[in-house]
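So the chains spell out like this:
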Amino acid sequence: MSRLINSPESDDTTRELLRSQRATEAGDRMKSIVLPTLSFVGFILIWHFAVVYFDLPVYILPRPLSIFPEIARRPEMFLRHAWVTLFETLAGLGLSIATGVILAFMIVWSDNMEKMLMPFIVLSQTFPKTAIAPLMIIWFGYGYLPKIIISFLIAFFPIVINTVLGLKSPKSDMIDLMRSMSATKAQVFAKVRIPMAVPYFFSGLKIGITLALVGAVVGEFVGADSGLGFLIMAANNQFNTRLAFATLFVLMILGAFLYFIAEFLERRVAPWFEASRRTDK
Amino acid sequence: MAVAVRVQDLKKVYASRNGDPVHALDRVNLIAQDGEFVSILGPSGCGKSTLLRIVAGLIPASGGDIFVQEHRVKGPNPNVGMVFQSAVLLHWRTVMENILLPIEIRREKVDQYRERAMDLVRLTGLEGFENRAPYELSGGMQQRVSICRALITNPSLLLLDEPFGALDAFTRDQMNVELLRIWRGESSASSARENKRPTILFITHSITESVFLSDRVAVMSFRPSSIIKTFDIPFARPRDLSVITKPEFGELVLEIRSHITVE
Ligand SMILES: Nc1ncnc2c1ncn2[C@@H]1O[C@H](COP(=O)(O)OP(=O)(O)O)[C@@H](O)[C@H]1O
Ligand SMILES: [Mg+2]
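Computed from a predicted model, the values in this text were never measured in an experiment. (Residues numbered from 1 in each chain as written. Chains lettered and ligands numbered in written order. Predicted model: local features only at pLDDT ≥ 70, side-chain atom pairs only at ≥ 80, totals over all residues. Heavy atoms only, no water.)

Our next topic: the overall build of chain B. Scanning chain B for helices and strands turns up eight helices and 10 strands. The C-alpha radius of gyration of chain B comes to 18 Å, within 12% of the 18 Å expected for a compact globule of 263 residues. Projected onto its principal axes, the C-alpha positions of chain B cover 50 × 45 × 40 Å. Taking all 263 residues of chain B together, 54% fall into the buried category. Put simply, of all contacts in chain B between residues at least 6 apart along the chain, 70% involve residues at least 24 apart. About 11400 Å² of surface is accessible on chain B, with carbon and sulfur atoms providing 49% of the total. Across chain B, 32 positive and 31 negative side-chain charges occur, with their mean positions spaced 4 Å apart. (Helix = DSSP H or I, 4+ residues; strand = E, 2+ residues; numbered from the N terminus. Rg over C-alpha atoms; globule rule 2.2 N^0.38 Å. Buried < 20%, exposed > 50% of the residue type's maximum accessible area, 1.4 Å probe, protein only. Contact = heavy atoms within 4.5 Å. Areas by Shrake-Rupley, 256 points an atom, 1.4 Å probe, with all protein chains shown as cover. Lys, Arg positive; Asp, Glu negative; His and termini not counted. Charge placed at Lys NZ, Arg CZ, Asp CG, Glu CD.)

Right under this line is the structure:
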């Protein structure tokens, strides 16, 4: 059988075909780098010329390229604040993952648990969590804790919901098969539900990771003496729009960094995702 | 000969969403002898899967008695292997790891079963694919893997629920021939073990398929369903597809068809 599969390789026309196919694929890859770069450069250009053309004062909109010198002038300050925000975000996210995964297991393990917990989880989602940020300051002070809690409250929902979906994703035939082998509930979780939930968990994590960052920044808006959210508020109070934009840029980089970490982990840990799409033929 | 499966006055009522109960099965009676190949034939929705799931111990009956190997069915039985319409393979495991799954579930030493797994791989024509991922295999080959998985534990009873229903007609014919070969091969190929030919309950809505495969065909009526008639299939084994062209085969198919009612 393996000879059959290899035989097209020895065929000249097939090899030619494969080569041109590879060339097209390489072209597609090039495009996927070039085109986004073009649109990004275009965006910067439009921004720049808009500022020049309308002669906008710097406190309304700084020139895009003036943002980088602003950061380069005192990188250690940005780094210090970014570090605080990163810490709050990761702590909030860690709490979301732990709570989210445990809740998801409880919900899928027992129907009664699901009935008891689901209403709370859905309510927690409709509840405007950013609106209680000021309360958090009253309860927990100006330290890291209120930011971590807000970050957690915002980020945990997509993680629970996606993990629940994933743990429930095996079709009934799959569960019947496991039960017909006299598998215990724990074995059904270990052999089927958990592996199948991994890609779902990661899509939840990718949403949660950016939300956790939003939560930390909102917490800092309300009351803080460090962090990128604090820096934006301080810049605003001084009408230092360039500083605000520089901070936003750092925030963007931080968000992208976190997202790519999640994506990297997903690729490493969840090769199932690709596979599952291919088996659903 | 000992009785492998005995179903007596089996009833099953489902509670449906709108409140009206669904009488899926009504006084089903069925007996399968040890080593017999019995097909259960009926239109879609008549309760074939329900019957099989009750025999497998996956869902409770609403009434009646079910015995497998003279033991009353109270829940899933490790001596029973199941194959469904879809192969339901774990796509992150190799073919070999999928075949060995039941051994892991039993918490037995997987290594002791590798040889038997390889025997089954050879028997089902999967040689060379044992380390592939399931999604690299065609539908027919995936179903072979699920048959190997059902056989790895040497079950005395094999329950197949429209196993080839999702395959194209050509693959289906081929799989039918293969299934007979695998089933018969089971007794001779690895005779070192205590295994003998498993009893098979095979569910289908294809009359030809059921006649080609079986020792006996049980025809189910539409809901509330029971088994209205069973037919002995006289063709000698080993059978190949040429049986289908015999006039007796056609007559039997016609005779069975006349007993099938659709909603
Ligand atoms: N879990 C269930 N709840 C309610 N009704 C069901 C359930 N499972 C099957 N049924 C009904 O029982 C009947 C028989 O179903 P099934 O055994 O799957 O038929 P078949 O396998 O012959 O197509 C159908 O009318 C179906 O709608
Ligand atoms: Mg069915």
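Still to come is the rest of the account.
Now for the sheet that holds strand 2 (residues 21-33) of chain B. Residue and element names in this part refer to chain B. One open sheet accounts for four strands, arranged 2-1-4-5; its pairing is antiparallel. Only two strands of the sheet have a single neighbouring strand rather than two, namely strand 2 and strand 5 (71-72). Taken together, the two bridges between strand 4 (residues 63-68) and strand 5 define a ladder with antiparallel strand orientation. Counterpart to Val-68 in the pairing with strand 5 is His-71. Contacts between helix 1 (residues 48-55) and the sheet are confined to strand 1 (3-15), strand 2 and strand 4, with strand 1 contributing the most and set at about 120° to the helix. (Pairing = 2+ DSSP bridges. Axes fitted to C-alpha atoms, helices over the stretch in contact; angles between N-to-C directions.)

This next bit is on the packing of helix 4 (residues 75-109) of chain A against helix 5 (residues 111-126) of chain A. All names here are of chain A. The N-to-C vectors of helix 4 and helix 5 enclose an angle of 135°; their axes lie 6 Å apart at closest approach. One way to sum up the angle between helix 4 and helix 5 is to call them oblique. On helix 5, the residues touching Leu-103, Met-106, Ile-107 and Trp-109 of helix 4 are Asp-111, Met-113, Glu-114, Leu-117, Met-118 and Ile-121. When grouped by side-chain class, the residues that make up the contact of helix 4 with helix 5 number eight nonpolar, no polar and two charged. (Parallel < 35°, antiparallel > 145°, perpendicular 65-115°, else oblique. Nonpolar A, V, L, I, M, F, W, Y, C, P; charged D, E, K, R; others polar.)

Another point: the nonpolar core. All names here are of chain B. Core analysis: the largest hydrophobic core is formed by 52 residues, its most contacted members being Val-211 and Ile-256. Among the elements that take part in this core, helix 5 (residues 139-151) stands out by supplying six residues, more than any other. Both domains that meet at this core, namely domain 1 (1-77 + 199-263) and domain 2 (80-154 + 166-197), each give it at least three residues. Once residues lying within four places of it in the same chain are set aside, the contact partners of Ile-256 are Leu-41, Ile-207, Val-211, Val-217, Val-219 and Phe-231. With 46 residues, the next largest nonpolar core counts Val-55, Ile-66, Leu-90 and Met-220 among its residues. (Core = buried A, V, L, I, M, F, W, Y, C linked by side-chain atoms within 4.5 Å. Domains from an automatic or database assignment.)

Listed per partner, the contact involves 27 residues of chain B and 24 residues of chain A. Our count for the contact surface shared by chain B and chain A stands at two salt bridges. Arg-53 of chain B is paired through a salt bridge with Asp-176 of chain A; the nearest N and O atoms lie 2.1 Å apart. On the surface where chain B and chain A come into contact, there are four residue pairs in polar contact (both at pLDDT 80 or more). Secondary structure elements with two or more residues in the side of chain B that touches chain A: strand 6 (80-83), helix 3 (101-105) and helix 5 of chain B. Top contributing element to the side of chain B that touches chain A by residue count: helix 3 of chain B, with four residues. Across the side of chain B that touches chain A, the residue classes break down as 16 nonpolar, five polar and six charged. (Salt bridge = Lys/Arg side-chain N within 4 Å of Asp/Glu carboxyl O. Polar contact = N/O pair within 3.5 Å; in protein donor to acceptor, adjacent residues only side chain to side chain.)

Next up on the list: the environment of Asp-173 of chain A. Examined against the element boundaries, Asp-173 of chain A turns out to sit in helix 8 (residues 172-180). Given a relative accessible area of 24%, Asp-173 of chain A falls into the partly exposed group. Beyond its immediate chain neighbours, meaning those up to four positions away, Asp-173 of chain A contacts Phe-84, Ser-86 and Val-88 of chain B.

Attention now moves to the pairing of strand 9 (residues 216-220) of chain B. Residues and elements named next belong to chain B. Across the five residues of strand 9, five count as buried, placing the element largely inside the fold. Every second residue of strand 9 is oriented toward a common face, with Arg-216, Ala-218 and Met-220 on one face and Val-217 and Val-219 on the other, all of them buried. In this sheet, strand 9 lies alongside strand 3 (residues 37-41) in parallel orientation, the contact comprising four bridges. Looking at the pairing, Ile-40 lines up with Ala-218 of strand 9. Pairing analysis gives five bridges linking strand 9 to strand 10 (residues 227-232), with the strands arranged antiparallel. Within the sheet, the bridge partner assigned to Met-220 lies in strand 10 and is Ile-227. Here strand 9 hands over to strand 10 after six residues, the two strands then running antiparallel side by side.

This paragraph deals with helix 5 of chain B. With 13 residues, helix 5 of chain B should cover 18 Å at 1.5 Å per step; its first-to-last C-alpha distance of 19 Å lies within 8% of that length. Across the 13 residues that make up helix 5 of chain B, a large majority, 12, are buried. (Expected span 1.5 Å × (residues − 1).)

This part covers the pattern of salt bridges. Scanning the model with the defined rule gives 21 salt bridges over all chains in all. The residue Arg-179 of chain A makes a salt bridge to Asp-176 of chain A at a minimum N-O spacing of 4.0 Å. You can see Arg-179 of chain A and its partner Asp-176 of chain A sitting in helix 8, three residues apart, about one turn around the helix. Residue classification places Arg-179 of chain A among the partly exposed positions, given a relative accessible area of 29%. A salt bridge links Glu-36 of chain B to Arg-216 of chain B, with the shortest nitrogen-to-oxygen separation between them at 2.7 Å. Within this pair, whereas Glu-36 of chain B is found in the loop between strand 2 and strand 3, its partner Arg-216 of chain B is found in strand 9, the two being separated by 180 residues in sequence. Of the two residues, Glu-36 of chain B and Arg-216 of chain B, both sit in the buried class. Put simply, Lys-206, Glu-263, Glu-266 and Arg-267 of chain A are held in one network by salt bridges that share partners.

Right, let's get into the confidence of the model for chain B. Residues and elements named next belong to chain B. On average, residues of chain B score 91 in pLDDT, and 95% of them reach the 70 mark or higher. When mean pLDDT is taken per element in chain B, helix 2 (residues 95-99) scores highest with 97 and helix 6 (residues 169-189) scores lowest with 82. The ipTM value of the predicted complex is 0.90, and its pTM value is 0.85. (pLDDT = per-residue confidence, 0-100.)

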